[in-house]
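Residue-level structure breakdown
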Amino acid sequence: ATVTTAAVLEWIRRQPRRPRLVLVSSAAVYGDQGDTDAMETSVRSPISPYGFHKLSAEMLCESSSRFFEIPISIVRLFSVYGEGLRKQLLWDAMNKFARGEGQFFGTGNELRDWIHVEDAARLLALAGLSRQSSFEVYNGGSEHASTREVLHQLASAYGPAPKIVFNGDSHKGNPGRLTSHCGHTRRLLDWTPTVRIQEGMARYVAWFKNQQAASGTATH
């Protein structure tokens, strides 16, 4: 990601009319912020390789904006989900439910900031097209919910599902809380998320069932 970002920045630098670059960054740059919501001005202290790579890309953007006057918007997306997602917690959970399994990693109390892909896409478009300063950073989150809450919402929308249990394990790159304060984003871009988490999870379950039906795989 860092090499690609450098290449794009160099291409923009050579253009007579420089377009605005929107960097899709991640909440992972914040690392573990404890029991607080991360703000755009919070210290960036990633605790995973993915977070370090995203931070490196951000730093390249910061230097290019400062020294070469390239207009840039950095959008730090939090837990993006929605129809079409074929990895991470939701995809794993639906496949486990379909197999009659209900054990998951962690304690269930891990708190995340969930944002539906439609709201994330609209945010990225606004970050690229809205009038703003030459360099801006935005948080992209919507609703706080624990892993336990999300899985129970999925199970409720799915129908009969196995009992959900957690193994209690944890690892260094997985902070107990990763949530955002999005006041800056809402003010500058006039952006408000429209897909509530309950609706979004129900839509994901419906999409998953359609995929299973299309492939001839039973969901129950």
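Look above for the structure.
Here's a quick rundown of the structure. Counting restarts for each chain: residues are numbered from 1 in the order of the written sequence. Where local features are concerned, this predicted model is filtered to residues with pLDDT of at least 70; where side-chain atom pairs are given and counted, the filter is 80 or more; whole-chain, interface and lining totals use all residues. Each side-chain value is worked out from all heavy atoms of the structure, with water and hydrogens disregarded.

**Structural notes on the nonpolar core**
Residues belong to a common nonpolar core when they are buried Ala, Val, Leu, Ile, Met, Phe, Trp, Tyr or Cys residues joined through side-chain atoms within 4.5 Å. Only protein chains enter the area calculation, which uses a 1.4 Å probe; residues under 20% of their type maximum are buried, those over 50% are exposed, and those in between are partly exposed. L90 and L154 are the most contacted members of the largest nonpolar core, which has 23 residues in total. The set of elements that each furnish at least two residues to this core consists of α3 (88-99), α5 (147-158) and α7 (197-215). The greatest single-element share of this core, amounting to six residues, is contributed by α7. Contact between two residues is taken to exist if any of their heavy atoms lie within 4.5 Å; hydrogens are not considered. Those residues within four positions of L154 in sequence are excluded, and the remaining contacts are L90, A93, M94, F97, M201, Y204 and V205. Of all hydrophobic cores here, the second largest spans 10 residues; its members include I12, L21, I70 and V137. Numbering of helices and strands runs from the N terminus; a helix is a DSSP stretch of H or I covering at least four residues, while a strand is a stretch of E covering at least two.

**Here's the deal with the pairing of strand β5 (residues 111-116)**
Most of β5 sits inside the fold, with five of its six residues counted as buried. When DSSP finds two or more bridges between two strands, those strands count as paired. Of the strand pairs in this sheet, strand β3 (residues 79-81) and β5 are connected by three bridges, and their pairing is parallel. Each bridged residue has a counterpart across the sheet, and for S79 the counterpart in β5 is W114. With two bridges connecting them, β5 and strand β9 (residues 177-178) associate as parallel partners. Bridge pairing in β9 places R112 opposite L178. In this sheet, strand β7 (residues 143-146) lies alongside β5 in antiparallel orientation, the contact comprising four bridges. Residue R112 lies in a different strand from β7, and its bridge partner there is A145.

**Focus on α7**
Helical periodicity: at 3.6 residues per turn, an α-helix aligns residues three or four positions apart in one direction. Between its first and last C-alpha atoms α7 spans 27 Å; for 19 residues at 1.5 Å apiece the expected length is 27 Å, and the two agree. Here α7 has its buried residues at I197, G200, M201, Y204, V205, W207, F208 and Q212. End-on, the buried residues of α7 take up no more than an arc of 160°, which puts them together on one face. When the buried face of α7 is taken as reference, the exposed residues oriented beyond 90 degrees from it are Q198, N210, A213 and A214. Looking at the buried residues of α7, the elements they touch are β3, α3, β5, β7 and α5. At the exit of α7 stands G216, carrying a positive phi of roughly 80°. An expected span of 1.5 Å times one less than the residue number is assigned to each helix. Directions are taken from the helix axis to each C-beta atom, and the arc is the one they span.

**Points about the packing of α3 against α7**
Two numbers describe how α3 lies on α7: the axes approach to 11 Å, and their chain directions differ by 55°. Classed by the angle they form, the pair α3 and α7 counts as oblique. Regarding α3 and α7, the two cross each other, and that crossing is right-handed. On α7, the residues that touch L90, W91, M94, N95 and A98 of α3 are M201, Y204, V205, W207, F208 and Q212. Grouping the amino acids of the contact of α3 with α7 by side-chain chemistry returns nine nonpolar, two polar and no charged. Axis definition: a line fit to C-alpha positions, over the contact stretch in the case of helices; interaxial angles, taken between N-to-C directions, run 0 to 180 degrees. Should an angle lie under 35 degrees it is considered roughly parallel, over 145 roughly antiparallel, and from 65 to 115 roughly perpendicular; all remaining angles are considered oblique. Note on convention: near helix rotated counterclockwise from far helix by under a right angle means a left-handed crossing. Clockwise means right-handed. Under the convention adopted here, Pro, Cys and the residues Ala, Val, Leu, Ile, Met, Phe, Trp and Tyr are nonpolar, Asp, Glu, Lys and Arg are charged, and Gly plus all remaining residues are polar.

**Notes on the sheet that holds strand β6 (residues 135-140)**
Spatially, the three strands line up as an open sheet ordered β1-β2-β6, and their pairing is parallel. The sheet is open, and its two edges are formed by β1 (21-26) and β6, each paired on a single side. Across the sheet, the axes of successive neighbouring strands diverge by a mean angle of 20°, strand direction being ignored. Note that β1 and strand β2 (residues 72-77) share six bridges and pair parallel. Bridge pairing in β2 links L21 to I72. This element, helix α2 (residues 49-68), spans β1, β2 and β6 of the sheet and lies at about 155° to β1.

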